[in-house]
Amino acid sequence: MSLKPHSIGHPIAVIDSTLLSRLAELNLVDSLPYIFKQIRIPPEVRREAYKASNKKRLRNLLNDLNGFFIDCYETDIVNQEFLKTIVDIGEAAVIAQAEATNSVVITDDKEARNQALKREIEVFRTGKILCLLQRGGSHKPRRPLFRYINNVRLLVKPSG
């Protein structure tokens, strides 16, 4: 199976700043059009992303893929305020916006994932994105990349 950028049937997604930064570090942002039709960025996520250590690189990536990454302000404010009591501001905005726009969520945050799934919103995590890119042939596996992903999984693995 070979993926094509912006193919019919690819979902529209809303991404959180942590995963956006991680995908930028892994040089995978340019491959996202093979999986998603479009990625929406809430203003809260854009602010968080621009505070990140690689903010200049993120700005350039977002500008280079301007038609793919779009700012979106559609949200249910009441729902978003409620979600802020459970998850961070950025994750609350992502979930509320995904619910309001019938989009999927891109996050690795455990509680954000749980809240999205409770609302029957599909969630894409780093591992799922890597598998889709590898299966579609748009990404060749590199040993350090998978070592890095394994380390991330250990960090987000539930304790106990």
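Just so it is clear, the structure is predicted and the values come from calculations on it, not from any experiment.

Take the environment of Leu133 next. Within the secondary structure, Leu133 is located in helix α7 (residues 126-135). Leu133 sits 101 residues away from Leu32 along the chain, and the two C-alpha atoms are 8.4 Å apart.

A separate point is the sheet that holds strand β2 (residues 38-41). Strand order in this open sheet of 5 strands is β3-β2-β1-β4-β5, and the pairing throughout is parallel. Each edge of the sheet is formed by a strand with only one pairing partner; in this case those strands are β3 (69-71) and β5 (123-124). Bridge analysis of strand β4 (residues 104-106) against β5 gives 2 bridges, and the strand direction is parallel. Directly across from Val105, in β5, lies its bridge partner Val123. Helix α1 (residues 17-25) contacts β1 (12-15), β3, β4 and β5 of the sheet and is inclined by roughly 100 degrees relative to β1.

Another point: the packing of aromatic side chains. According to the stated counting rule, one finds 2 aromatic pairs in the structure shown. An angle of 75 degrees between the planes, with centres 5.0 Å apart, marks the rings of Phe36 and Phe124 as edge-to-face. Here the residue Phe36 occupies a position in the loop between α1 and β2, and Phe124 occupies one in strand β5, the gap between them amounting to 88 residues. Overall, the relative accessible area of 4% leaves Phe124 in the buried class. Between Phe68 and Phe69, the ring centres sit 5.1 Å apart and the planes meet at 80 degrees, which makes this aromatic pair edge-to-face. Assessed through its relative accessible area of 2%, Phe69 is described here as buried. When the ring centre of Phe124 is taken as reference, the NZ or CZ atom of Lys128 above it lies at 4.2 Å.

What follows deals with the packing of helix α2 (residues 43-51) against helix α3 (residues 55-64). Packing of α2 against α3 leaves a shortest axis separation of 7 Å and a crossing angle of 135 degrees. Judged on the interaxial angle alone, α3 and α2 are oblique. Contact residues: Arg46, Ala49 and Tyr50 in α2; Lys55, Leu58, Arg59 and Leu62 in α3. When its residues are assigned to classes, the contact of α2 with α3 shows 4 nonpolar, no polar and 3 charged.

Criteria and cut-off values
Residues numbered from 1 in each chain as written. Predicted model: local features only at pLDDT ≥ 70, side-chain atom pairs only at ≥ 80, totals over all residues. Heavy atoms only, no water. Helix = DSSP H or I, 4+ residues; strand = E, 2+ residues; numbered from the N terminus. Pairing = 2+ DSSP bridges. Contact = heavy atoms within 4.5 Å. Axes fitted to C-alpha atoms, helices over the stretch in contact; angles between N-to-C directions. Phe/Tyr/Trp six-rings, centres within 6.5 Å; stacked < 30°, edge-to-face > 60°. Buried < 20%, exposed > 50% of the residue type's maximum accessible area, 1.4 Å probe, protein only. Lys NZ or Arg CZ within 6 Å of the ring centre and 35° of its normal. Parallel < 35°, antiparallel > 145°, perpendicular 65-115°, else oblique. Nonpolar A, V, L, I, M, F, W, Y, C, P; charged D, E, K, R; others polar.

All we've got here are geometric facts, nothing functional implied.
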